[in-house]
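Structural characterization, general
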Amino acid sequence: MPKKYKYNIILLVMLLILIVVFSNTSPFFLKLYNFKNILDQSTINIIVGIGMTFVICSAGIDLSVGSIAAFCGVIAAFFLHAGISVPLSMLAAILIGAFSGFINGYIISVIKVNPFIVTIATMSIWRALTLIFTKSTPIYGFSSGFTMLGTGSFRLLPLTVVICIIVIVLGWILFNKTKLGYYSAAIGNNEEALRRTGVSNNYYKTIIYVLSGITAAIAGLIITSKLNCADPTAGNMLEMDVIATVILGGTSINGGKGTIIGTVISGLFMSVLKNGLTINAIPPYYQQLLVGLIIIFAVITSDKFFKN
């Protein structure tokens with residue numbers, strides 16, 4: 001059995017242990033409505049994590065996803081308040097997300113600037129533009145056609161979960177069945193060797209960041225729809241949660257290895273962890289402390305696991 005599948009099984013066992021622990025600490029944890037909440041809460045991390053899996057697998061990083069999510073939510077709000085239809089407003093936000101990712105990818109791949117420097121700069125730029133456009137004031141009030149995206153349901157599942165499943169399936173296909181996924185790992189392993197085979201590294205690295213921008217935009221639309229408010233501070237620290245999710249899921253921070261299924265399981269793990277801590281009245285700052293510790297733990301354990 002490949003190591004990534006063994007690692008996924010370990011993650012599943014950890015997830016089950018976590019569920020058992022919280023089931024014994026709170027009578028509310030095993031309720032059906034709470035499991036729906038857990039699934040709903042996990043969607044943002046998982047959706048953005050799908051795009052981030054490609055980025056980190058290619059030995060890159062994208063610290064701008066939270067700011068892109070907020071900016072795209074604001075763009076959708078502007079279009080909706082201008083009387084533009086819901087589908088066109090959402091499309092505009094997704095195109096802005098793709099454009100944001102393109103800027104990151106172009107500077108990183110063509111101009112050859114370090115991904116950390118580029119994305120920490122664009123993180124600041126997109127957040128600043130969001131605050132400038134809104135004058136630091138949230139934009140409220142949208143039609144039911146838009147709010148349904150974040151609050152509606154399909155059969156027994158929240159609509160956000162359905163959207164997340166679609167993103168997971170498309171992400172898995174791209175990662176495992178197309179050149180984009182193969183070259184993401186190849187770039188992370190040895191970019192120069194791939195270049196010498198005649199592959200356009202610049203093209204694929206740019207597409208990887210475009211994909212990350214698109215997933216961030218989708219998350220921004222969901223957040224805005226769920227809150228019925230385009231908050232300029234939305235998505236704050238989202239990048240930390242997403243990076244923790246992807247690394248814990250088995251994608252190597254050094255590049256070359258990645259797994260979409262691992263990211264999904266890890267996203268559920270993080271959501272169960274936060275939900276359980278909240279139900280047990282653990283303050284948010286301790287939750288943030290745990291996220292930081294999980295990142296360190298995940299980097300150490302996943303690297304050692306895949307090296308052995």
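For the structure, check the block above.
Residues numbered from 1 in each chain as written. Predicted model: local features only at pLDDT ≥ 70, side-chain atom pairs only at ≥ 80, totals over all residues. Heavy atoms only, no water.

Once that is clear, we can look at the packing of helix 3 (residues 65-81) against helix 4 (residues 86-109). Interaxial distance between helix 3 and helix 4 falls to 8 Å at its minimum, and their mutual angle equals 150°. Judged by the sense of rotation from one axis to the other, the crossing of helix 3 with helix 4 is right-handed. Side by side, helix 3 and helix 4 meet where I68, F71, C72, I75, A76, F79 and L80 of the first sit next to V86, S89, A92, A93, I96, G97, S100 and N104 of the second. Of the residues that constitute the contact of helix 3 with helix 4, the class distribution is 11 nonpolar, 4 polar and no charged. (Axes fitted to C-alpha atoms, helices over the stretch in contact; angles between N-to-C directions. Helix = DSSP H or I, 4+ residues; strand = E, 2+ residues; numbered from the N terminus. Left-handed = near helix turned anticlockwise from the far one by under 90°. Contact = heavy atoms within 4.5 Å. Nonpolar A, V, L, I, M, F, W, Y, C, P; charged D, E, K, R; others polar.)

Quick look at the side chain of S42 now. Tracing the sequence through the fold places S42 in helix 2 (residues 32-57). Judged by its relative accessible area of 3%, S42 is buried. Apart from residues lying up to four places away in sequence, S42 is in contact with G267, L268 and S271. (Buried < 20%, exposed > 50% of the residue type's maximum accessible area, 1.4 Å probe, protein only.)

Okay, a nonpolar patch on the surface next. Together, F78, F79, I84, L88, L91, L95, I132 and F133 make up an exposed nonpolar region whose accessible area comes to about 740 Å². Counting residues per element, the ones that place at least two in the nonpolar patch are helix 3, helix 4 and helix 5 (115-134). Accessibility expressed as a relative area gives 41% for F133, which makes it partly exposed. (Patch = residues over 30% accessible without salt bridge, like charges linked within 9 Å, V, L, I, M, F, W, Y side chains within 5 Å. Areas by Shrake-Rupley, 256 points an atom, 1.4 Å probe, with all protein chains shown as cover. Salt bridge = Lys/Arg side-chain N within 4 Å of Asp/Glu carboxyl O.)

Time to look at helix 2. The end-to-end C-alpha distance of helix 2 is 35 Å, a good match for the 38 Å that 26 residues give at a rise of 1.5 Å each. Bending of helix 2 peaks at approximately 35° at the position of I50. Of all 26 residues that make up helix 2, 19 are buried, and the element is covered over most of its length. At the C-terminal side of helix 2, A59 shows a positive phi close to 70°. (Expected span 1.5 Å × (residues − 1). Bend = angle between axes of the 7 residues up to and from the residue.)

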